[in-house]
Amino acid sequence: MKEVMRSRHSGSRASTHHTAAAIILAIATVTALSACVDARPTPTPTSTASIDGGTTEQDNLNEEPHDDGEVSAAPEAGGDSQAGALEAATAALEAFARPGLDYDTWWAELLPHLTQQAGVAYEGTDPAQIPVRQVTGAGTVLEGSTEVSLIVQLPTDAGPYNITLTRAGGDAPWLADRIRPAQG
C-alpha cells in the first residue's frame with residue numbers, strides 16, 4: 001500500500017513539475033516575442049532639399065505641430081442654413097413618424113435622413129411603438145445653432161420633438177442624429 005501511495009505521490013510531483021516547466025516556457029516565449037516587437041527600429045525622418053532650395057513636403061512633415069491655444073468655434077448657422085435644417089428635420093420626422101408601416105418600408109424610407117450613428121441607433125426599432133404620427137406645425141431652430149450642428153424643435157400630435165442635425169460642412173446635407181421628445 002505504501003508503495004502505491006509513493007508511486008501516486010511521485011507521479012503527482014512529476015505532473016506538477018511538467019506544468020511548472022510549461023508555464024515557465026510560455027512566459028519566456030512571450031517575453032522573448034515582446035522584446036522582438038519592442039526592438040524594431042524606429043524610422044527617423046529625413047529632410048530632402050528641393051531643386052530650387054525651398055522646402056519640400058518632407059520638410060513640412062518634419063516640422064513640430066504649432067498650437068497657439070486658440071479654439072475657434074463653428075460659425076453660427078445662417079438663414080439659408082437654418083432653412084435647410086428646418087426642411088431636413090421635418091422630412092426626417094415625417095419619415096420617422098409612420099407607425100403604420102411595416103419595418104422594411106419604414107426603415108428604407110427613414111435611413112436616408114439619418115447619420116451613420118443614428119442609423120446604428122435606430123436600426124431594429126419597431127415603428128409600431130413610435131407614439132408620434134404627424135408633424136403639426138412649423139419648426140424652430142433652437143439657440144446654439146452652428147453651420148455643422150443644431151437642434152430643430154417640431155410640434156407633433158404627441159407633443160414637441162427635438163431633432164438633432166449634423167453635417168460635415170456648410171455645403172453638406174443636414175442629417176438627423178437624434179429624434180426624441182423635447183422633454184426627454
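Residues numbered from 1 in each chain as written. Predicted model: local features only at pLDDT ≥ 70, side-chain atom pairs only at ≥ 80, totals over all residues. Heavy atoms only, no water.

*Asks:* Lay out the sheet that holds strand β2 (residues 149-154) with the relevant residues and their values.
*Replies:* The four strands lie next to each other as β1-β2-β3-β4, forming an open sheet whose pairing is antiparallel. On the outer flanks of this sheet lie β1 (140-141) and β4 (175-181), each paired with one strand and no other. Of the strand pairs in this sheet, β2 and strand β3 (residues 161-166) are connected by six bridges, and their pairing is antiparallel. Bridge pairing in β3 places Gln153 opposite Asn162. (Pairing = 2+ DSSP bridges. Helix = DSSP H or I, 4+ residues; strand = E, 2+ residues; numbered from the N terminus.)

*Asks:* Go over the environment of Glu123, please, and point to the residues and values.
*Replies:* Tracing the backbone shows Glu123 in the loop between α5 (116-122) and β1. Distance from Glu123 to Leu111, taken between C-alpha atoms, is 8.8 Å for residues twelve residues apart in sequence. With near-sequence residues (within four places) excluded, Glu123 lies in contact with Tyr103 and Trp107. (Contact = heavy atoms within 4.5 Å.)

*Asks:* So what's going on with the pattern of salt bridges? Residues and values would help.
*Replies:* The tally for this structure, following the rule as stated, stands at two salt bridges. Across the salt bridge formed by Glu109 and Arg98, the nearest N and O atoms sit 2.3 Å from each other. Remark: Arg98 occurs in the loop between α3 (79-96) and α4 (103-110) and Glu109 occurs in helix α4; sequence separation between them is eleven residues. Accessibility expressed as a relative area gives 33% for Glu109, which makes it partly exposed. (Salt bridge = Lys/Arg side-chain N within 4 Å of Asp/Glu carboxyl O. Buried < 20%, exposed > 50% of the residue type's maximum accessible area, 1.4 Å probe, protein only.)

*Asks:* Tell me about α4, residues and numbers included.
*Replies:* Looking only at α4, the buried set comprises Trp106, Trp107 and Leu110. The arc that holds every buried residue of α4, seen down its axis, measures 95°, which confines them to one face. Across α4 from its buried face, at more than 90 degrees, point the exposed residues Asp104 and Ala108. The N-cap of α4, judged by a side-chain oxygen 3.3 Å from the amide nitrogen of Asp104 a few residues on, is Asp102. (Arc of directions from axis to C-beta. Polar contact = N/O pair within 3.5 Å; in protein donor to acceptor, adjacent residues only side chain to side chain.)

*Asks:* Tell me about the packing of aromatic side chains, residues and numbers included.
*Replies:* The full count for this structure, using the stated rule, is five aromatic pairs. For the ring pair Tyr103 and Trp107, a centre distance of 6.2 Å and an interplane angle of 10° mean the geometry is stacked. With Tyr103 and Trp107 both in helix α4 and four residues apart, the pair spans about one turn of that helix. For Tyr103, a relative accessible area of 27% gives the class partly exposed. The rings of Phe96, Tyr103, Trp106, Trp107 and Tyr122 are connected pair by pair, giving a single aromatic cluster. (Phe/Tyr/Trp six-rings, centres within 6.5 Å; stacked < 30°, edge-to-face > 60°.)

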